[in-house]
Amino acid sequence: MKHSQKGEFYGDTHKTICLDGITLTDTVYTHPKVDWHYHEHAYFTFILQGNVIEGNKKEIYHCSPGSLLFHNWQDAHYNIKPEGFTRGFHLEIEKKWFDTLGLNNETLEGSSKIGNPSIKILMYKIFRASKLDTDASISTQSLLLEILSQLKNDSQGILHKKPKWVTQIDEILREQFAENLTLEVLSKMVNVHPMHLSRDFSKYFNCTLGEYIRKLKVEKALSLMALQNQSFTEIAYQCGFSDQSHFNRCFKEVNDMKPSDHKKLLFRK
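Residues numbered from 1 in each chain as written. Predicted model: local features only at pLDDT ≥ 70, side-chain atom pairs only at ≥ 80, totals over all residues. Heavy atoms only, no water.

Colleague: How would you explain the nonpolar core if you had to name every residue and give the values?
Modeller: Counting 45 residues, the largest nonpolar core has Phe44, Leu91 and Met123 as the members making the most contacts within it. Take this core: its biggest share by element is 7 residues, from helix α2 (residues 117-132). Not counting residues within four places of it along the chain, the set of residues in contact with Leu91 comprises Ile22, Thr23, Leu24, Ala42, Tyr43, Phe44, Met123, Ile126, Thr140 and Leu144. One finds Trp165, Leu173, Phe177 and Val192 within the second-largest nonpolar core, a separate group that totals 18 residues. (Core = buried A, V, L, I, M, F, W, Y, C linked by side-chain atoms within 4.5 Å. Buried < 20%, exposed > 50% of the residue type's maximum accessible area, 1.4 Å probe, protein only. Helix = DSSP H or I, 4+ residues; strand = E, 2+ residues; numbered from the N terminus. Contact = heavy atoms within 4.5 Å.)

Colleague: Would you mind going over the packing of aromatic side chains in detail, with residue names and values included?
Modeller: The full count for this structure, using the stated rule, is 13 aromatic pairs. Taking the centre distance of 5.7 Å and the plane angle of 70° together, the rings of Phe247 and Phe251 count as edge-to-face. Taken together, the residues Phe247 and Phe251, both in helix α9 (residues 244-255) and 4 residues apart, mark about one turn of the helix. Residues Phe247 and Phe251 agree in their burial class; the two are buried. Pairwise contacts between aromatic rings join Phe232, Phe241, Phe247 and Phe251 into one cluster. (Phe/Tyr/Trp six-rings, centres within 6.5 Å; stacked < 30°, edge-to-face > 60°.)

Colleague: Account for helix α6 (residues 194-205), with residues named and values stated.
Modeller: Here α6 is 12 residues long and its end C-alpha atoms lie 16 Å apart, about the 16 Å a rise of 1.5 Å per residue gives. Buried within α6 we find Leu197, Asp200, Phe201 and Phe205. All buried residues of α6 lie within an arc of 140° about the axis, which places them on one face of the element. Facing away from the buried side of α6 by over 90 degrees, the exposed positions are Met195, Arg199 and Lys203. (Expected span 1.5 Å × (residues − 1). Arc of directions from axis to C-beta.)

Colleague: Requested: an account of the sheet that holds strand β7 (residues 60-63), with residues and values cited.
Modeller: Pairing between sheet strands relies on hydrogen bonds along the backbone, with the strands arranged either parallel or antiparallel. Ordered in space as β1-β4-β9-β6-β7, the 5 strands form an open sheet in which the pairing is mixed. Of all strands in the sheet, those with a lone pairing partner are β1 (2-4) and β7, marking the two edges. Neighbour-to-neighbour, the strand axes of this sheet turn through a mean angle of 35°, independent of strand direction. Where strand β6 (residues 52-55) and strand β9 (residues 77-80) come together, 3 bridges link them in antiparallel fashion. (Pairing = 2+ DSSP bridges. Axes fitted to C-alpha atoms, helices over the stretch in contact; angles between N-to-C directions.)

As far as function goes, none of this settles anything; it's purely spatial.
The following block contains the structure:
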């Protein structure tokens, strides 16, 4: 089985940044299929443009712009790239990075597809730092620590039984975030008192209900911007914003950058 070394991905890598124990690569995938292989280090794959299918011994992931995967070291998988342009951003983590910071890496097992919008937005910020910062080390490390902290919280939430309504409301919000959902409507849908839902939401999602909905909207907008076939006004309405001004304000609040600036950076040669 093929063993991929640090910074080695199957395509044309536009840029590689080697930090202390962290490697960032921006790669255009060129192989229609990559047979079973594994990588030397644990890493994240963040799909910026296009589509890819990835399979491992347990699951098959269909990935589109904004999809985020985590792979543990030596976790075997294969890739299939449908026709069209596909680009991925990778963040590799060497064991020495965990050791230097005294972190336990044993909780990061196997491969998984990450749906948490907060983590995806943090990954967009790491991507931007790799394009904008002459020294991306500090910003990348601090953002990565935030990601790992949230992954740990998510895994602990799975291990410790959550109320049924937590899973229910997450599924509802991910499917209907663009609709005009009120606290009262959501409470009836999951059969939880509005006061209880409002009070306990942040305990399980690490933010308020309103903040979570805004993150879902911005995350969707970020994935739509990668398609290049819609105006900001069209994206704003598709993501449930009242108008483009509302979209611009919310996007900058959540993502620390105006939509136009993010789009220029994403497609910058």
